[in-house]
Amino acid sequence: MTNWSVSTFKAWCNEKQIQTSMENMTVGQLDTNLRRFYAEARNKSGESYSKSSLLGFRHSFERYLNAPPLGRGLKLSSVPRFKRSNEMLNSQIVRLKRQGKENVTHKPAIESENLMRLRAAPAIALSNPLALLRNVWFHVILFFFRRGREGQRLLKKTSFKFEVDASGRRFVTMAHDEATKNHPEGVTDVSSNEKLPRIYETPEENDGYKALKYYMAKLNPRSDASFQYPRKNSKWNYDDKVWFDARPIGGNKLDGMMKSISEEAELSKMSTNNSVRATEITLWSNAGVENCRIMAISGHRSEQSLTLQHAAPDITAPHLQRSPFEKLDL
């Protein structure tokens, strides 16, 4: 989000022939230019940005300007020196509300029937590179709450650890914390529990543990990226040691991953990447896990935002692990 927001603002400045770079703008110049940006910026469809996007811009600009090496220590949302730009931002939000465009529609969770259909679908089998990739991607997003294509592209082979718990059960977990939209500074402001989620091995043939273990063995050794392009049928045989090319999957491909899975598995409703996150939150909530524990892993700062994401059709998890942080078997 931060990189995209900054790039959008810089492109707008270039279009308006603003000579001073964002990094070198004085406080007065920033306030003036942000005021114009909030009023004039439009998306690719030529429409005004939503309330969440406008607020996201401000948060992203603040993160970017305050992070090393700039370290400017600016508070775009609260300092009086940014009064004029904030007044414009607020007026835009009021305008959107009057037009009925204020609210954001959250993607619904994947329904139980479609989850069961997906579990048995060849679309996520372990028998070919593309299906194996889809299986691993789905479970990584579902269990580890990976948000955004930037976070997904940053994953490396070393991002995962395969371990055994005290009772002898095998599982895989994250080897490090991630910087998220809600905790952008590498989760330094709030203690992160991202390493607590685990994907346990189950009797299921295509479970997330088996898929990830097999996937790691088939990745191309000439690339450190976790998500690599699967080799096409004309260049692949089942007995090959390597099933993937030595190049990371691009952001656009990652953005459309769940949509392509939905189509291939012939789910009754088209789902998006956000639907996967909503599904896990809903599974946790319906299993009786407290919101505070869900928030510890998902990165949500407020129960209100969490509630919005699991305000979806009731779905149930086939199994709940013994610890709330050992995640759900799917």
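Residues numbered from 1 in each chain as written. Predicted model: local features only at pLDDT ≥ 70, side-chain atom pairs only at ≥ 80, totals over all residues. Heavy atoms only, no water.

The name recorded for the protein in an unreviewed UniProt entry is DUF3504 domain-containing protein, from Stylophora pistillata.

**Observations concerning the overall build of the protein**
This is how the line gets drawn: Here a strand is any run of E in DSSP of at least two residues, a helix any run of H or I of at least four, and the numbering for each starts at the N terminus. Partly exposed residues are those whose accessible area sits between 20% and 50% of the maximum for their type, while under 20% is buried and over 50% is exposed, using a 1.4 Å probe and protein chains only. Areas reported as accessible are Shrake-Rupley estimates using a 1.4 Å probe. Residue values count occlusion only from the protein chains shown.
Helix and strand content of the protein: 13 helices and seven strands. The buried share of the protein, reckoned over its 330 residues, is 47%. Taken as a whole, the protein presents about 17,000 Å² of accessible surface, with 48% of it coming from carbon and sulfur.

**Re the environment of asparagine 86**
For the record, the criterion: By the convention used here, residues are in contact when the closest approach between their heavy atoms is within 4.5 Å.
Within the secondary structure, asparagine 86 is located in helix H4 (residues 83-98). With sequence-adjacent residues up to four places away left out, asparagine 86 is seen in contact with Arg58, Leu76, Ser77 and Ser78.

**Overview of the sheet that holds strand E2 (residues 170-174)**
Basically, it comes down to this: Strands qualify as paired when DSSP identifies two bridges or more between them. Each axis is a line fitted through C-alpha atoms, and for a helix only the stretch in contact is used; angles between axes span 0 to 180 degrees, taken between their N-to-C directions.
Spatial ordering of the open sheet is given by E1-E2-E3, a layout of three strands whose pairing is antiparallel. Every other strand in the sheet has two partners, leaving strand E1 (160-164) and strand E3 (198-200) as the edge strands with one partner each. Averaged over all pairs of adjacent strands, the angle between their axes in this sheet comes to 25°, without regard to strand direction. Against the sheet, helix H6 (residues 129-144) touches E1, E2 and E3, its axis set at about 125° to E3. Where helix H8 (residues 208-218) meets the sheet, its contacts fall on E1, E2 and E3, and the angle it forms with E1 comes to roughly 125°.

**A few points about the environment of threonine 2**
Threshold: Under this definition, polar contacts are N or O atom pairs within 3.5 Å; protein pairs additionally need one hydrogen-donor-capable and one acceptor-capable atom, and for neighbouring residues in sequence, both atoms have to be side-chain atoms.
With respect to the helices and strands, the residue threonine 2 is situated in helix H1 (residues 2-15). Note: C-alpha distance between threonine 2 and phenylalanine 57 (55 residues apart in sequence) is 7.8 Å. Discounting residues that sit within four places of it in the chain, threonine 2 has contacts with Ser60, Arg63 and Tyr64. A distance of 3.0 Å separates a polar atom in the side chain of threonine 2 from a polar atom in the side chain of arginine 63.

**A short note on the pattern of salt bridges**
The line we're drawing: One speaks of a salt bridge when a side-chain nitrogen belonging to Lys or Arg is within 4 Å of a carboxyl oxygen belonging to Asp or Glu.
Overall, the coordinates contain ten salt bridges when judged by the stated rule. Of the charged contacts, one joins lysine 210 and glutamate 201 as a salt bridge, the two residues approaching to 4.0 Å between their closest N and O atoms. Residue lysine 210 is classed as partly exposed on the basis of its relative accessible area, which comes to 24%. Across the pair arginine 231 and aspartate 245 runs a salt bridge, and its minimum N-O distance is 3.2 Å. Here arginine 231, found in the loop between strand E4 (228-230) and strand E5 (244-248), pairs with aspartate 245, found in strand E5; they are 14 residues apart in sequence, far enough to count as distant. Take arginine 231: its relative accessible area is 24%, and that puts it in the partly exposed class. Residues joined by salt bridges that share partners form a network here, namely Arg170, Glu201, Asp207 and Lys210.

**Concerning H6**
Selection criterion: Given the number of residues in a helix, its expected span is that number minus one, multiplied by 1.5 Å.
When the terminal C-alpha atoms of H6 are compared, their 22 Å separation across 16 residues agrees well with the 22 Å that a helix rising 1.5 Å per residue should span. Of all 16 residues that make up H6, 15 are buried, and the element is covered over most of its length. Two or three places before leucine 130, at the opening of H6, asparagine 128 has a side-chain oxygen 3.2 Å from that residue's backbone nitrogen.

**Description of H8**
For H8, the complete set of buried residues consists of Gly208, Tyr209, Ala211, Leu212, Tyr215, Met216 and Lys218. Check the buried side of H8 and you find it contacts H6, E1, E2, E3, E4 and E5.

**Points about the nonpolar core**
Our working definition: Residues belong to one nonpolar core when they are buried, are Ala, Val, Leu, Ile, Met, Phe, Trp, Tyr or Cys, and are joined through side-chain atoms within 4.5 Å.
By size, the foremost hydrophobic cluster in this structure holds 41 residues, and its most contacted members are Trp137, Phe138, Phe160, Tyr215, Phe227 and Met258. Elements with a contribution of two residues or more to this core: helix H5 (112-119), H6, E2, H8 and helix H10 (257-265). The element best represented in this core is H6, accounting for ten residues. Val6, Phe9, Leu34 and Leu76 belong to the second largest nonpolar core, which has 26 residues in total.

**A short note on the side chain of serine 53**
Position of serine 53 relative to the elements: it lies in helix H3 (residues 51-66). Here serine 50 takes part through its side chain, which lies 3.2 Å from a polar atom of the side chain of serine 53.

**Structural notes on the pairing of E1**
In this sheet, E2 lies alongside E1 in antiparallel orientation, the contact comprising five bridges. Bridged to phenylalanine 162 within E2 is valine 172.

**Brief notes about a positive patch on the surface**
Definition in use: Each patch groups residues whose relative accessible area exceeds 30% and which form no salt bridge, using 9 Å between like charges and 5 Å between nonpolar side chains of Val, Leu, Ile, Met, Phe, Trp and Tyr. Counted as positive: Lys and Arg. Counted as negative: Asp and Glu. His and the chain ends are not counted at all. For the purpose of locating charges, the reference atoms are NZ of Lys, CZ of Arg, CG of Asp and CD of Glu.
A cluster of like positive charges, contributed by Lys232, Lys235, Arg247 and Lys253, occupies part of the molecular surface. Along the chain, lysine 235 turns up in the loop between E4 and E5. Take lysine 235: its relative accessible area is 63%, and that puts it in the exposed class.

**Let's talk about unusual backbone geometry**
The residue after proline 68, namely proline 69, is reached through a cis peptide bond having omega 5°. With respect to the element layout, proline 69 can be found in the loop between H3 and H4. Non-glycine residue glutamine 17 carries a positive phi angle of around 60°. When you line up the elements, glutamine 17 lands in the loop between H1 and helix H2 (27-40). Here glutamate 266, not a glycine, exhibits a phi torsion of approximately 55°, which is positive. Mapped onto the elements of the fold, glutamate 266 is located in the loop between H10 and helix H11 (273-286).

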